[in-house]
Structures are given as structure tokens and as C-alpha cells.
Amino acid sequence: MFKKFMGCLALAITTILVAVGCNSGTRLQNDEVTKSSSETNVLQIWWDKGYNIQEDEILQQIVSNWQQESGEKAEIKFYTADDIAQKTRRAIQAGNPPDILFSSRAEYPLLAWQGKLEDVSEVIEPVEQFYTSAAKKAAYLYNNIAKKRSYYSVPLHQGTIHIFYWKDLLAGIGKEASDIPHSWDQFWQFWQEAQSKFQQEKQQNIYGLGLPFSVKASDTYYLFEQILEAYNVTILDAESKLTVDNPDVRQGIIDCLKWYSEFFQQGYVPPSSLAWLDPDNNREFLNRNVLMTPNPTLSIATALLKDKEVYAKDLGTMEFPNKPDGNPMKHIVSVRQAVILAEAKNKQIAKEFLTYFTQPEIINNYLKSAGGRYLPVLTTVTKDSFWTNSQDLHISTATKTLTNEGQTRLFYSVQDPIYSSVLEENLWGQALNSIALNKISPEQAADEAIAQIKKIFAEWK
């Protein structure tokens with residue numbers, strides 16, 4: 001009993017730390033858009049605040065080391081993912097942007113298209129041969145002002161959605177990881193049946209599925225884009241043309257919205273999912289309120305690193321099941337990148353810092369010190385046994401998925417930057433939220449989303 005109590009206490013503390021890590025930072029970095037950027041001799045770096053303190057600490061150490069080696073001065077500020085995009089937008093409008101920006105929410109393809117990013121080819125080309133093809137494609141963007149395609153971002157790491165689940169909870173109802181089906185319908189039915197067993201046999205109120213339904217969470221559109229991929233619903237064709245006027249595509253969107261929303265309507269998803277922010281499905285899972293949740297990074301696993309027994313024995317990580325047609329899933333990859341703003345005051349120094357940062361040994365140390373939440377985009381780094389160690393099923397599973405390039409693809413925004421606005425406005429989140437909250441039909445939600453997509457493309461083109 002004591003061991004069980006201490007395990008629960010450790011997990012509770014971990015959950016609190018995750019919550020603090022996800023939400024702190026805004027008050028530390030107040031509105032400094034005009035003040036700090038006026039210091040023209042100091043490299044200004046704005047960065048997403050990490051999900052754990054180690055991420056921020058290792059980055060600060062790298063910046064400090066670079067200052068000592070280069071003799072330059074730098075200042076790094078951390079902001080929450082929700083705040084950094086808004087602050088950057090205001091800074092660009094005010095003519096005082098940071099020199100370097102790393103934001104998981106910023107839609108770089110659209111910023112490049114608008115001519116707001118600096119060409120960083122001189123940073124990429126010395127290590128170009130070591131980047132994955134997905135990373136190079138994600139960074140090689142079109143500038144509609146300069147009328148050219150070039151490298152406008154520097155890939156640092158990558159991730160894709162995996163399924164996280166509690167093996168020990170499943171064991172409580174007589175199930176093992178090997179019992180989880182890999183066929184589409186049976187896979188989702190497994191979690192529904194598991195929830196029912198908990199309620200009937202254990203008298204325990206736990207939800208089978210931790211699926212986001214909110215407009216504010218980028219996880220919502222990420223997961224729904226993955227569901228569209230599962231059902232082979234293509235929004236942009238090979239020539240980057242919208243297909244939403246195709247009756248089959250419209251029906252595919254309707255079917256996916258109906259499939260997804262029925263889990264909420266049938267009570268297999270927490271009602272709070274209507275208002276989740278990106279960290280909230282992590283919290284619900286870590287608090288053991290849901291049996292499984294999809295997540296686009298390994299942040300859930302890294303949150304449990306200090307409890308080695310829970311990390312190694314209780315937590316499960318797996319790829320998505322096969323598509324409904326029986327074919328292997330093609331996972332959507334998000335390549336996280338740093339950029340230099342076109343109006344930055346220290347562009348050359350910024351390029352020197354990013355050249356230093358992307359050295360294989362330095363970027364590898366950064367990613368490992370951050371607990372492996374994200375995976376490398378440099379093939380030389382991926383060869384490190386840290387990423388392929390079969391004893392760590394969380395990281396090795398993610399590495400296997402992301403190195404299988406035939407079974408991965410990028411978001412449509414890389415194909416056409418205008419699609420960035422579809423993601424930024426979270427039209428899929430709006431559609432799902434309206435079905436669940438406002439009780440509109442999947443047909444109406446699909447038609448409203450299609451109309452919005454067409455409007456966005458018409459306004460930009």
C-alpha cells in the first residue's frame with residue numbers, strides 16, 4: 001500500500017509540474033515588444049516555453065556557450081505557445097520583431113509566402129545532405145514577394161501523433177497490450193469496451209478516449225487531419241488544387257466528422273474536451289481520467305521520466321492502427337523549425353547562432369537533455385542509440401515511425417501556404433465543437449467548414 005501511495009504521489013507531483021510548465025512563462029515575459037527589441041546589439045531570441053524545465057535550461061546553456069565562443073550577446077525569452085504567435089504578430093506590425101523565432105503555432109509557410117522570413121540557405125546548405133527529405137521539404141518554401149523558392153526556415157526536430165495508453169489499467173480488467181487490435185474499427189471499439197468494463201466491473205468512472213474537441217487546441221486539427229488521412233480524404237490534390245467541391249470529398253469530410261463526434265455523443269470522451277487547451281489531454285491522461293489519448297509529441301512520456309517504473313512498465317506507446325481499408329497508416333509529420341524574421345536587426349548574427357545550434361552534437365544534446373520529447377531531423381543524429389534503444393519503447397517507437405518516410409507525409413500547408421490559415425483558424429476544431437456543443441449535423445458542419453476553406457483561398461489568391 002505504501003508503495004502504491006508513493007507512486008500515486010509521484011505521479012500527482014509530476015502532473016502538477018507539467019501543468020506549471022505548460023502555463024508558466026507569460027508573466028515572466030510581459031509585453032516587451034518595443035523595449036527589448038530596441039537593443040540592436042543583442043541577439044533577440046523568442047522561443048516556445050518547454051513542457052519541462054530541462055528543455056528551457058539546456059537551451060539557455062546552449063545560448064550561454066555560444067555567447068562565450070562567439071563574443072556576441074544574446075537574450076532569450078520563453079513564451080507559452082498560445083502567446084508567442086500573438087506577440088510575434090504584434091512585433092512584426094510594430095516593426096520590432098525578434099531576430100530568431102521558434103514557435104510551434106506559427107505558420108511559417110504563410111509567413112514565407114508573405115515575404116516576412118529571411119532566406120537561411122547559408123545555414124541549411126552545409127548540412128543539407130544530413131536532413132531528412134521531409135525536413136528539407138518543410139523548410140523549402142515559396143516567397144511570393146521575391147517570387148522564388150528557397151530555404152526560409154531551419155528544421156530542428158520533428159514529431160507525429162502516437163497513441164498513449166495505460167497498460168496497468170488495462171491489466172486491471174484482464175487486458176494486455178497484445179490484446180489491442182491493429183485493424184481500424186476493432187481498435188476504437190476496444191477502448192469503448194474497456195470503458196464499459198471499468199464502469200461495470202470496477203465501478204470506476206474513466207473515459208476510454210482522450211480526444212480533443214476544442215477550438216483552442218491545435219491537437220484538435222492535428223488529430224482530425226490524421227483521421228482524414230486514415231479515410232483517404234484528400235483536401236489538396238497533387239497539383240495543390242482544392243478538392244472540397246468534389247462530392248466524394250465532401251462526403252468523406254461528413255463521414256469523418258460523424259465518426260469522430262459520435263465518440264463524444266456516446267459518452268466515451270470527457271465533456272471537458274470541448275474547452276481543452278493543448279496540455280489538457282496530457283493532464284487528463286496523467287491523472288488517469290482517460291485510458292488512452294493521441295498526442296503529437298512524446299511530452300506525456302517525458303513527463304513520467306522521473307518515475308522509471310511507471311515510464312517503463314505502466315505507460316504504453318503505439319502507432320495508429322491500420323487504415324479502415326486495411327492499408328498501413330500514413331502518419332502526418334510536423335517539422336518544428338526556427339526562423340529569422342525578414343525585418344530582424346541582427347540577421348547575420350542570427351544565422352551564425354543557428355549554424356552553431358544545428359551542429360549534430362549540439363542539437364542531439366539539446367534533444368536528449370529535453371527528454372526526447374521531439375525527435376531529430378538530422379540522419380546523423382538519429383543513429384545515436386538513444387533514439388533506437390529497444391528498451392525504451394516510447395522513443396524507439398516514435399523513431400521507427402518517423403524514419404519510415406514512405407509512411408509519413410507533411411501537412412498540406414507545406415504544399416500550399418494558404419492552407420496554413422485553415423489550420424490557424426482551426427476550422428476542424430470549429431466543426432467538431434459545433435457538432436458536440438451546438439448539436440448541428442455533420443452535414444452542416446462540413447458545409448460550413450468547406451465554405452470557410454474556399455473563402456480563405458479566395459481571399460489570398
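Calculation rules
- Residues numbered from 1 in each chain as written.
- Predicted model: local features only at pLDDT ≥ 70, side-chain atom pairs only at ≥ 80, totals over all residues.
- Heavy atoms only, no water.
- Helix = DSSP H or I, 4+ residues; strand = E, 2+ residues; numbered from the N terminus.
- Rg over C-alpha atoms; globule rule 2.2 N^0.38 Å.
- Buried < 20%, exposed > 50% of the residue type's maximum accessible area, 1.4 Å probe, protein only.
- Contact = heavy atoms within 4.5 Å.
- Areas by Shrake-Rupley, 256 points an atom, 1.4 Å probe, with all protein chains shown as cover.
- Lys, Arg positive; Asp, Glu negative; His and termini not counted.
- Charge placed at Lys NZ, Arg CZ, Asp CG, Glu CD.
- pLDDT = per-residue confidence, 0-100.
- Axes fitted to C-alpha atoms, helices over the stretch in contact; angles between N-to-C directions.
- Parallel < 35°, antiparallel > 145°, perpendicular 65-115°, else oblique.
- Left-handed = near helix turned anticlockwise from the far one by under 90°.
- Nonpolar A, V, L, I, M, F, W, Y, C, P; charged D, E, K, R; others polar.
- Pairing = 2+ DSSP bridges.
- Expected span 1.5 Å × (residues − 1).

1. Details of the overall build of the chain
Along the chain, the regular secondary structure elements total 21 helices and 13 strands. Taken over C-alpha atoms, the radius of gyration comes to 22 Å for the chain, in line with the 23 Å a tight globule of 461 residues would show. For the chain, the C-alpha atoms occupy an extent of roughly 65 × 60 × 40 Å along the three principal directions. For the chain, buried positions account for 59% of its 461 residues. Considering only contacts within the chain whose residues lie at least 6 apart along the sequence, 76% involve residues at least 24 apart. Per element, the accessible surface of the chain, about 19,300 Å² overall, is 49% carbon and sulfur. Across the chain, 45 positive and 55 negative side-chain charges occur, with their mean positions spaced 2 Å apart.

2. As for the environment of Leu156
With respect to the element layout, Leu156 can be found in strand 6 (residues 154–160). Of the residues examined, Leu156 reaches a relative accessible area of 2% and is grouped as buried. For Leu156 and Ala275, which are 119 residues apart along the polypeptide, the C-alpha to C-alpha distance reads 30 Å. Sequence-distant contacts of Leu156, defined by excluding residues within four places in its chain, comprise Trp47, Phe102, Arg336, Gln337, Ala338, Phe357, Thr358, Ile363, Leu367 and Val377.

3. Here's the deal with the confidence of the model for the chain
In this model, the chain carries a mean pLDDT of 91, and residues with pLDDT of at least 70 account for 92%. Considering only residues more than four positions removed or in separate chains, one finds that residues 1–38, a stretch of pLDDT under 50, has 56 contacts.

4. With respect to helix 15 (residues 360–369)
If you check which residues of helix 15 are buried, you get Ile362, Ile363, Asn364, Tyr366 and Leu367. Buried positions along helix 15 lie against strand 1 (42–48), helix 2 (53–70), strand 6, helix 14 (347–357), strand 12 (375–376) and helix 16 (379–382). Phi turns positive, to about 90 degrees, at Gly371, one or two residues after helix 15.

5. Focus on the packing of helix 20 (residues 427–438) against helix 21 (residues 442–460)
Two numbers describe how helix 20 lies on helix 21: the axes approach to 9 Å, and their chain directions differ by 155 degrees. Classified by the interaxial angle, the pair formed by helix 20 and helix 21 is roughly antiparallel. For helix 20 against helix 21, the interelement crossing comes out right-handed. Where helix 20 abuts helix 21, its residues Leu427, Trp428, Ala431 and Ile435 lie against Pro442, Ala445, Ala449, Gln452, Ile453 and Ile456. The class makeup of the residues in the contact of helix 20 with helix 21 is 9 nonpolar, 1 polar and no charged.

6. Focus: the sheet that holds strand 10 (residues 315–318)
The strands making up a sheet are joined through hydrogen bonds of the backbone, oriented either antiparallel or parallel. In space, the 4 strands of this open sheet follow the order 8-9-7-10, with mixed pairing throughout. Edge positions in the open sheet fall to strand 8 (207–209) and strand 10, since each of these has one partner strand only. Sheet twist, expressed as the mean angle between neighbouring strand axes with direction ignored, is 20 degrees. One ladder, built from 4 bridges, connects strand 7 (residues 162–166) with strand 9 (residues 290–295); its direction is antiparallel. Bridge pairing links His162 to Asn295 in strand 9.

7. Thoughts on the packing of helix 10 (residues 247–265) against helix 21
The description of two packed helices rests on the angle between their axes and on the distance between the axes. Across the interface, helix 10 lies against helix 21 with an axial gap of 9 Å and an inter-helix angle of 125 degrees. With respect to helix 21, the axis of helix 10 lies oblique. As for how helix 10 packs across helix 21, the hand of that crossing is right-handed. In this structure, helix 10 uses Arg250, Ile253, Ile254, Leu257 and Lys258 to contact helix 21, whose residues at the interface are Pro442, Glu443, Ala445, Ala446, Asp447 and Ile450. Here the residues of the contact of helix 10 with helix 21 sort into 7 nonpolar, no polar and 4 charged.

8. Things to note about helix 20
With 12 residues, helix 20 should cover 16 Å at 1.5 Å per step; its first-to-last C-alpha distance of 15 Å lies within 8% of that length. Of all 12 residues in helix 20, 9 are buried; the element is thus mostly enclosed. Those residues of helix 20 that fall on the buried side of the exposure criterion are Leu427, Trp428, Gly429, Ala431, Leu432, Asn433, Ser434, Ile435 and Ala436. If you follow the buried residues of helix 20, they end up packed against helix 9 (218–230), helix 10, helix 19 (419–424) and helix 21. Immediately beyond the C-terminal end of helix 20, within one or two residues, lies Lys439, with a positive phi of roughly 60 degrees.

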